[in-house]
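Given next are the chains, with one letter for each unit.
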Amino acid sequence: MTQSTPRPRVFVSRRIPDEGLRPILEACDATVWPDELPPPRDELLRAVAGCDGILTLLTDRVDAELLDRAGPQLKVISNYAVGFDNIDVPEATRRGIPVGNTPGVLTETTADFAFALVMAAARRIAEGDRYVRADRWQTWGPLLLLGVDVHGATLGIVGFGRIGQALARRARGFDMTVLYHDVAPLPAEVTEPLGATWVELDELFERSDFISLHVNLTPETRHLVNAERLRRMKSTGIIVNTSRGPVVDQAALYLALRDGVIGGAALDVTDPEPMRASDPLLSLENCLVVPHIASASRATRAKMAEMAAANLLAGLRGERLPTCVNPEAYGPDGR
Ligand code: DGY
C-alpha cells in the first residue's frame, strides 16, 4: 500500500478569480472564506491555525498575533495585492516566512484608472451624472458644470514607480507637462522618454494642476498630503489618490475642498475603508469617491489571482516565490 503525503493546509481569505483558485484547490487542502465581507478578526485567527500557507487580501491584518496563531509550520504568506501595508513584513522576515505580492500585472489597469479620475474630476463627470439623475437638466447652458482642461495642463506625480511612470505615458498623449517626485531623481533613460522632470515635493504641489499619488503607505508617507501641502496647491488644483487612503489627511482635505483652497479631489482609496455615506467628504460636490477599484478589470484581477496562487504554491513547495517582498526572509545563504 502506498502512503500519500498529506496535502498542505491553506487558508484563502476570500474567493478570488478561478484562474488562481483552481490550482490552489487542486494542490492543497484549502479552506476558502465564502463571504463577500472579510473574515472578522477572531474567525481569521481561528482559520489560519495550523496552516502551511495563507492567501490574504489587503483587508486582512497579518501581524505577530496572527503569525503566532498560525503556528511555526507556516511557510508562506501570499498577498492578493501589490501593496502589502496590511502585513507586518519585518515580523514575517524575522520568522523566515516569505511574503508574496502581485506587482506588474496591475500597473496599466491602475494607471488607466488614475487617468480616468483625473479626467472625471477635471470635467465633473460624476457631478454631471448626478445632475441628470436628479432631473435638474433644463437646457444647454454656457456656464453649466464648467471644469478645467486636462490637455496641456501640468500633472505632478508623487512616487515614480511602475504605476507613476505608466500614468506619465498617458499624460504625454494629452500634451501635459509632467513633474514627478520620488526619493531621488530617476535615471535620464527612464524619465526622458516620458518627458518627466524631478522636482522637490513642495514645488510639485505649487506648480501642478493635477497631483496623482503613487507611493506605498509607510510611516514617512502617512499624511504626506496635509493642510500645509494643500495650501501650496493652486486654488483650481485637483488631487487624485489611487495609492492608500492614509497618505492623505482627510480632515485637512475636507477643509481645503470646502473652503476653496483647492479645486477638487478624486479618491479611489480612503481612510478608513469602507468610507461611510455619512462621511463629510461626501457632502461636497467637488469630491469624487469610488470604492478602491483601480485594479478592478476582469483581466487584471485574473492575473493577480494567478500570481498570488503561484507565490503560494511555490512557498509551499519550499521554492522561492516568483514575486517576494522580503527576500531577506531566506537568510544570508538564500535558504
Ligand atoms: C493593490 O494591489 O495594492 C491595490 O490596492 C488593489 O489591487
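Structural data are supplied above this passage.
A brief structural summary. Counting restarts for each chain: residues are numbered from 1 in the order of the written sequence. Only residues with pLDDT of 70 or above have their local features reported here, since the model is predicted, and side-chain atom pairs are shown and tallied only from 80 upward, although totals for entire chains, interfaces and linings are computed over all residues. Excluding hydrogens and water, the side-chain values take into account all heavy atoms of the structure.

Along its length, the chain carries 12 helices and 12 strands. At 22 Å, the chain has a C-alpha radius of gyration in line with the 20 Å of a compact globule built from 335 residues. Across its three principal axes, the chain shows a C-alpha extent of roughly 85 × 50 × 30 Å. Residues counted as buried form 49% of the 335 residues belonging to the chain. When checking whether two residues touch, look at their non-hydrogen atoms; a contact exists if any pair is within 4.5 Å. Summarising the internal contacts of the chain: among those between residues at least 6 apart in sequence, 60% fall at separations of at least 24. What counts as a helix is a DSSP run of H or I of at least four residues, what counts as a strand is a run of E of at least two, and both are numbered from the N terminus. Put simply, the radius of gyration uses C-alpha atoms, and a globule should come to 2.2 Å times the residue count raised to 0.38. Think of it in three bands: residues with accessible area under 20% of the maximum for their type are buried, residues over 50% are exposed, and the middle band is partly exposed, with areas taken using a 1.4 Å probe on protein chains only.

Here we come to the sheet that holds strand 7 (residues 177-181). Hydrogen bonds between backbone groups are what pair the strands of a sheet, and the pairing can be parallel or antiparallel. One open sheet accounts for 7 strands, arranged 8-7-6-9-10-11-12; its pairing is parallel. Since the sheet does not close on itself, it has two edges, and those belong to strand 8 (196-198) and strand 12 (287-289), each with one partner. Going from strand to strand, the sheet's axes swing by 20 degrees on average, the running direction of each strand aside. Relative to strand 12, strand 11 (residues 264-267) runs parallel, the two sharing 3 bridges. By the bridge assignment, Ala266 is partnered in strand 12 with Leu288. In the packing of helix 7 (residues 162-172) onto the sheet, contacts are made with strand 6 (154-158), strand 7 and strand 9 (210-213), and the angle to strand 6 comes to roughly 170 degrees. A pair of strands counts as paired when DSSP detects no fewer than two bridges linking them. Helix axes use the C-alpha atoms of the stretch in contact, all axes being lines fitted to C-alpha atoms, and the angles between their N-to-C directions lie in the range 0 to 180 degrees.

Below, the discussion takes up the layout of surface pockets. Approximately 270 Å³ is the volume attributed to the second largest pocket. Cavities and pockets were defined on a 1 Å grid built over protein atoms only: a cavity is a set of grid points that admits a 1.4 Å probe from which the probe cannot escape, a pocket is an open set flanked by protein on both sides within 12 Å along at least five of seven lines, and lining residues are those with an atom within 4 Å of any such point. Ala121, Arg124, Glu127, Gly263 and Asn286 are the residues nearest the centre of the second largest pocket, which is lined by 19 residues in total. Counting only elements with at least two residues in the lining of the second largest pocket, the list comes to helix 5 (107-122), helix 6 (125-133), strand 11 and strand 12. Only Asp, Glu, Lys and Arg are considered charged in this grouping, and only Ala, Val, Leu, Ile, Met, Phe, Trp, Tyr, Cys and Pro are considered nonpolar; every other residue, Gly among them, is considered polar. When its residues are assigned to classes, the lining of the second largest pocket shows 10 nonpolar, 5 polar and 4 charged. Grid points are joined across faces, edges and corners, and a volume is the space filled by probe spheres set on the points.

Residues in close proximity to the ligand include Leu58, Ala81, Val82, Gly83, Leu106, Arg244, His292, Ser295 and Met304, which together make up its full environment. Here a polar contact is recorded for every N or O atom pair within 3.5 Å, except that within protein the pair must consist of a potential hydrogen donor and a potential acceptor, and residues adjacent in sequence are included only if both atoms are side-chain atoms. Contacts to the ligand include Val82, whose backbone N or O atom sits 2.7 Å from an oxygen atom. Between an oxygen atom of the ligand and a side-chain N or O atom of Arg244, the distance comes to 2.7 Å. Residue-level accessible areas treat just the shown protein chains as cover; the underlying method is Shrake-Rupley with a 1.4 Å probe. Protein chains bury 90% of the 230 Å² of accessible surface belonging to the ligand in isolation. In terms of residue class, the shell around the ligand is built from 5 nonpolar, 3 polar and 1 charged. Working definition: residue near molecule or strand if any one of its non-hydrogen atoms lies within 4 Å of it.

All right, on to the side chain of Asn326 then. Tracing the sequence through the fold places Asn326 in the segment after helix 12 (298-316). At 3.1 Å, the side chain of Asn326 forms a polar contact with the side chain of Thr93. Asn326 has contacts with Val89, Ala92, Thr93, Ile97, Pro98 and Val99, leaving out every residue within four places of it along the chain.

What follows covers the pattern of salt bridges. Take a side-chain nitrogen of Lys or Arg and a carboxyl oxygen of Asp or Glu: if they are within 4 Å of each other, that pair is a salt bridge. Applying the stated rule across the entire model yields 24 salt bridges. In this structure, Arg41 engages Asp63 in a salt bridge whose closest nitrogen and oxygen atoms are separated by 2.7 Å. Here Arg41 is found in helix 2 (residues 41-48), whereas its partner Asp63 is found in the loop between strand 3 (53-56) and helix 3 (64-70), with 22 residues between them in sequence. The partly exposed category is assigned to Arg41, whose relative accessible area is 24%. The salt bridge involving Asp202 is made with Arg229; its shortest N-O contact spans 3.6 Å. With a gap of 27 residues between them, Asp202 in helix 9 (residues 201-207) and Arg229 in helix 10 (residues 227-232) connect regions that are remote in the sequence. Of the residues examined, Asp202 reaches a relative accessible area of 27% and is grouped as partly exposed.

A two-sided burial pattern is seen for strand 10 (residues 238-241), the buried positions comprising Ile238 and Val240 on one face and Ile239 and Asn241 on the other. Two strands pair when backbone bridges link them, and strand 9 and strand 10 are joined in this way by 4 bridges, in the parallel orientation. Within strand 10, the position partnered with Ile211 by the bridge is Ile239. Looking at chain direction, strand 10 and strand 11 are connected through 4 bridges and run parallel. Bridging across to strand 11, Asn241 finds its partner in Leu267.

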